[in-house]
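In case you want the letters, here they are:
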Amino acid sequence: MTINLSIHPYAAERPSRFADRVGAAYASAVGSDHKKGNGQFFTPIEIADFMAASCTFSGRAVRILDPGCGTAILSCALIEHLVEINPELSFIELVAYETDSQLYHLTLQCLNYLEGWLNDKGIQLNFSLHKEDFILDHSESLKNTNLFSQPIELLISSSQSPLFQAAD
């Protein structure tokens, strides 16, 4: 099944709002079984804005990884927030992964719109969009870390763990 959607940004539309509209249209077109089979969630814009608002950054350049980007709603919301709070920001590198080949061209459209939005503000965006699964693509790197060397129960109950904090 090929999904053919023609969605264009409104004048002066925030990139996250555009990505949200694209995601909603795509989700309606493919149905819940397709979304479930691909592990797709399409974060609501209100949640994306809330999550982005918790981030701080000062500096001229930032690198962002979005390992399961969908239509890049979270990345767009984060970048919009960083632009708003940091007048020094001039360069953003975004590495994004999306495994759904039908969604890929729509995600690319959202990222191209984000790039133009940033260019209008004098900020350069270099992005790459990969069709691979981030975890599978980096499984060898993950094997060579201590991240998975102990069962999660040990990590959580250990007083050495940053996840553990004794109640007063």
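So, a few notes on the structure that sits alongside this text.

Conventions we followed
- Residues numbered from 1 in each chain as written.
- Predicted model: local features only at pLDDT ≥ 70, side-chain atom pairs only at ≥ 80, totals over all residues.
- Heavy atoms only, no water.
- Buried < 20%, exposed > 50% of the residue type's maximum accessible area, 1.4 Å probe, protein only.
- Helix = DSSP H or I, 4+ residues; strand = E, 2+ residues; numbered from the N terminus.
- Pairing = 2+ DSSP bridges.
- Right-handed = clockwise from strand over helix to strand, strands pointing away.
- Contact = heavy atoms within 4.5 Å.
- Phe/Tyr/Trp six-rings, centres within 6.5 Å; stacked < 30°, edge-to-face > 60°.
- Lys NZ or Arg CZ within 6 Å of the ring centre and 35° of its normal.
- Axes fitted to C-alpha atoms, helices over the stretch in contact; angles between N-to-C directions.
- Parallel < 35°, antiparallel > 145°, perpendicular 65-115°, else oblique.

1. Comments concerning the pairing of strand β1 (residues 61-66)
- In β1, alternate side chains face the same way, and those of Val62, Ile64 and Asp66 are buried while those of Ala61, Arg63 and Leu65 on the opposite face are not.
- For β1 and strand β2 (residues 91-97), the ladder comprises six bridges, and the chain directions are parallel. Across the sheet, residue Leu65 finds its bridge partner in β2, namely Val95.
- What joins β1 to β2 is helix α3 (residues 73-85), and the crossover it makes is right-handed.

2. Here's the deal with the environment of Gln109
- By the secondary structure assignment, Gln109 is in helix α4 (residues 101-119).
- When the C-alpha positions of Gln109 and Ile7 are compared, they lie 9.2 Å apart, and in sequence the two are 102 residues distant.
- For Gln109, the contacting residues outside a window of four places in its chain are Ile7, His8 and Phe18.

3. Some thoughts on unusual backbone geometry
- With a phi close to 60°, Ala12 is a non-glycine residue in the positive phi region.
- Positive phi outside glycine occurs at Ala72, with the angle close to 75°.
- Checked against the element boundaries, Ala72 lands in the loop between β1 and α3.

4. Quick word on the packing of aromatic side chains
- Enumeration over the complete set of coordinates arrives at one aromatic pair.
- One Lys or Arg, Lys121, reaches over the ring of Trp117 and ends 4.5 Å from the middle of that ring.
- Over the ring of Tyr104 we find Lys131, and its NZ or CZ is 4.5 Å from the ring centre.

5. Some remarks on the packing of α3 against α4
- Contact geometry of α3 with α4 gives a least axis separation of 11 Å together with a crossing angle of 5°. By the angle between their directions, the pair α3 and α4 is classed as roughly parallel. Side by side, α3 and α4 meet where Cys76, Ile79, Glu80 and Val83 of the first sit next to Leu114, Trp117 and Leu118 of the second.

6. Examining the sheet that holds β1
- Read across the sheet, three strands follow the order β1-β2-β3 without closing on themselves; strand pairing throughout is parallel. Each of the sheet's edge strands pairs with one partner strand only, and the pair in question is β1 and β3 (124-130). Along the sheet, successive strands turn relative to each other by an average axial angle of 10°, direction set aside.
- The pairing of β2 with β3 spans seven bridges and is classified as parallel. Of the residues in β3, the one forming a bridge with Leu94 is Phe127.
- α3 contacts β1 and β2 of the sheet and is inclined by roughly 165° relative to β1.

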